[in-house]
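Residue strings, one per chain:
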Amino acid sequence: MHEPRYAEPVLTWYAEHARDLPWRRPDASPWAVLVSEIMLQQTPVVRVLPAYEAWLARWPTPADLAKEPPGEAVRAWGRLGYPRRALNLHASARAITERHDGVVPADYDELRALPGVGAYTAAAVASFAYRRRHAVLDTNVRRVLARVVTGVEYPPKTQTTAEVRVAESLLPEDPPVAARWSVAIMELGALVCTARSPRCAACPLVAECEWRLAGKPPYDGPPRRGQTYAGTDRQCRGRLLDVLRHADGPVEKAALDDVWADALQRERSLAALIEDGLVDPLDDGRYALPS
C-alpha cells in the first residue's frame, strides 16, 4: 500500500529519536493516555511528568478517582495550572465509571461527550490509546504542517478547516500506522521544528519543506504575543488555590487575604474560582476545596 507523502521519513526519524515517555509505553492504559493528554494541555512535559506519575499511582483507574470528592483532584493537580482541567478529569472519571463500565471509550464521539474533552483530546486518545485513524492537530503538528506543506512560518491563530483537510490527507491508511504517524509528527514539532529555533538540518523533511525552500520567509500575520503571568488574575487564583490545597480543611477568609495584596483583584479572582466550581464558600464564612 502506498503511504502518503512524508510518512516514511518521519516514521523512520521517530523510531530513532522518540522520547521515552510513560504514556507512550505499550503498558500505558487508555486512562493513562487520557490523563496525560489533559495534563499536557498548555503545560510542558517536564512539569507534567511528576504530577502524572503521582496521579496514576493514586488513581490507576477512572473508578478510583470517581470515588473521591472533586476537591482531591484539584489538590493533586498542584501547580500544573488551569485547574478546571482537574475538575473536568474528575467529572470524566465519573462519567466513564457510570456510562462505560469504568473503561475509557475508544469511539471518538463517545470521547467527545466526556466533560472537558474537545476535538483534539478525543482524537488523541482514540489514536494513541486505541490505534484509531484520526488527524491529531496540536500546536506542534499545526506548526510543522504550516511550514512543510503551506510554506509559512506559523499556522493561523485559530485552527482552520483547510488545516484539518491537509492533516487528514497525510494520514496513512492503516490505522495503527496512522496513529504512529500522528505521534511522530507531533514529536517532530516538539523536538526539531520548534517555534523559535527550528533545527532544520536535523529534520527528515528538510528537502521537501516549502517554508525552507522559499527562503524561510518571516511570519507576517497578526502579532504573536506571549502569555504573561506575573500579576495577572490567573496568578492570583493560583495563590488562593494553593492556600486551600495545603490546608487540612476549610480556611478562614483571612488566610486567603494574606496571599494577595490587591483586594479588588483578590475578590474578583475568588469569585471566579467559586463560579468555576474550584472553591466552595461555606455557610460559616470559611472556604474549602469542592466536596
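Residues numbered from 1 in each chain as written. Predicted model: local features only at pLDDT ≥ 70, side-chain atom pairs only at ≥ 80, totals over all residues. Heavy atoms only, no water.

## What to know about the overall build of the protein chain
Formally: Numbering of helices and strands runs from the N terminus, with a helix taken as a DSSP run of H or I at least four residues long and a strand as a DSSP run of E at least two residues long. Between the two quantities, the radius of gyration covers C-alpha atoms and the globule rule is 2.2 Å times the number of residues to the power 0.38. For every residue, the accessible area obtained with a 1.4 Å probe (protein chains only) is divided by the maximum for its type, and the residue is called buried under 20%, exposed over 50%, and partly exposed between those limits. Residue exposure ignores everything except the shown protein chains as possible cover, and the areas themselves are Shrake-Rupley values with a 1.4 Å probe. Here Asp and Glu are counted as negative and Lys and Arg as positive; His is not counted, and neither are the chain ends. Lysine's charge is taken at NZ, arginine's at CZ, aspartate's at CG and glutamate's at CD.
Scanning the protein chain from N- to C-terminus turns up 15 helices and two strands. A globule of 291 residues ought to have a C-alpha radius of gyration of about 19 Å, and the protein chain, at 21 Å, matches this closely. Once the C-alpha set of the protein chain is aligned to its principal axes, its extents read approximately 65 × 45 × 30 Å. In the protein chain, which comprises 291 residues, the proportion classed as buried is 44%. Accessible area for the protein chain stands at about 14800 Å²; split by element, carbon and sulfur atoms hold 52% of it. Taking the 37 positively charged and 38 negatively charged side chains of the protein chain as two groups, their mean positions are separated by 5 Å.

## Remarks on unusual backbone geometry
The residue tyrosine 6 is not glycine, and still its phi comes out positive at about 85°. The residue tyrosine 6 is located in the segment before α1 (7-17) in this model. Classification of tyrosine 6 as buried rests on a relative accessible area of 7%. A positive phi is found at lysine 216, a non-glycine position, where the angle reads about 55°.

## Quick word on the UniProt feature "domain: HhH-GPD" (unreviewed entry) in the protein chain
Filter applied, for reference: UniProt positions are given in the numbering used here, feature names are shortened, and annotations may be inferred rather than shown by experiment.
Using the residue numbers shown here, the UniProt feature "domain: HhH-GPD" (unreviewed entry) corresponds to residues 39-191. For residues 39-191, the helix share is 65%, the strand share is 0%, and the end-to-end C-alpha distance is 19 Å.

## Digging into the environment of arginine 84
Put simply, the rule is: Any two residues having at least one pair of non-hydrogen atoms within 4.5 Å are treated as being in contact.
By secondary structure assignment, the location of arginine 84 is in helix α6 (residues 84-99). Spatially, the C-alpha atoms of arginine 84 and asparagine 140 are 23 Å apart, while their sequence positions differ by 56 residues. If near-sequence neighbours (up to four positions away) are discounted, arginine 84 is found in contact with Asp276 and Leu278.

## Section: the packing of helix α13 (residues 233-245) against helix α15 (residues 263-275)
Put simply, the rule is: In this analysis, axes come from line fits to C-alpha atoms, helices being fitted only over the stretch in contact, and the angle between any two N-to-C directions falls in the range 0 to 180 degrees. Each angle receives one of four descriptions, namely roughly parallel if under 35 degrees, roughly antiparallel if over 145, roughly perpendicular if within 65 to 115, and oblique otherwise. Lys, Arg, Asp and Glu make up the charged group, whereas Ala, Val, Leu, Ile, Met, Phe, Trp, Tyr, Cys and Pro make up the nonpolar group; the residues left over, Gly among them, are polar.
It is the contact of α13 with α15, at a shortest axis distance of 9 Å, that shows an interaxial angle of 70°. Relative to α15, the element α13 is oriented roughly perpendicular. Within the contact between the two elements, α13 uses Asp233, Cys236, Arg237, Leu240 and Leu241 and α15 uses Gln265, Arg266, Arg268, Ser269, Leu270, Ala272 and Leu273. The class makeup of the residues in the contact of α13 with α15 is six nonpolar, two polar and four charged.

## Thoughts on the layout of surface pockets
A water-sized probe, rolled over the atoms, reveals where empty space remains. Quick note on the threshold: Residues are said to line a cavity or pocket when one of their atoms sits within 4 Å of a point; the points come from a 1 Å grid over protein atoms alone, cavities being sets where a 1.4 Å probe fits but cannot get out and pockets being open sets with protein on both sides within 12 Å along at least five of seven lines. Grid points are joined across faces, edges and corners, and a volume is the space filled by probe spheres set on the points.
By volume, the second largest pocket amounts to about 320 Å³. Examining the composition of the lining of the second largest pocket, we find that five residues originate from one element, α13, more than from any other.

## Quick word on the pattern of salt bridges
Rules: One speaks of a salt bridge when a side-chain nitrogen belonging to Lys or Arg is within 4 Å of a carboxyl oxygen belonging to Asp or Glu.
Inspection of the entire model under this criterion finds 17 salt bridges. Across the salt bridge formed by arginine 245 and aspartate 242, the nearest N and O atoms sit 3.0 Å from each other. Here aspartate 242 and arginine 245 lie together in helix α13, a separation of three residues that amounts to about one turn. Taking the relative accessible area as the measure of exposure, arginine 245 reaches 9% and is therefore buried. For aspartate 242, a relative accessible area of 14% corresponds to the buried category. Measuring nitrogen to oxygen at the nearest pair gives 2.9 Å for the salt bridge that ties aspartate 257 to arginine 266. The partly exposed category is assigned to aspartate 257, whose relative accessible area is 26%. Arginine 266 gets classed as buried once you look at its relative accessible area, which sits at 10%. Residues participating in the shared-partner salt-bridge network are Arg58, Glu68, Glu72 and Arg75.

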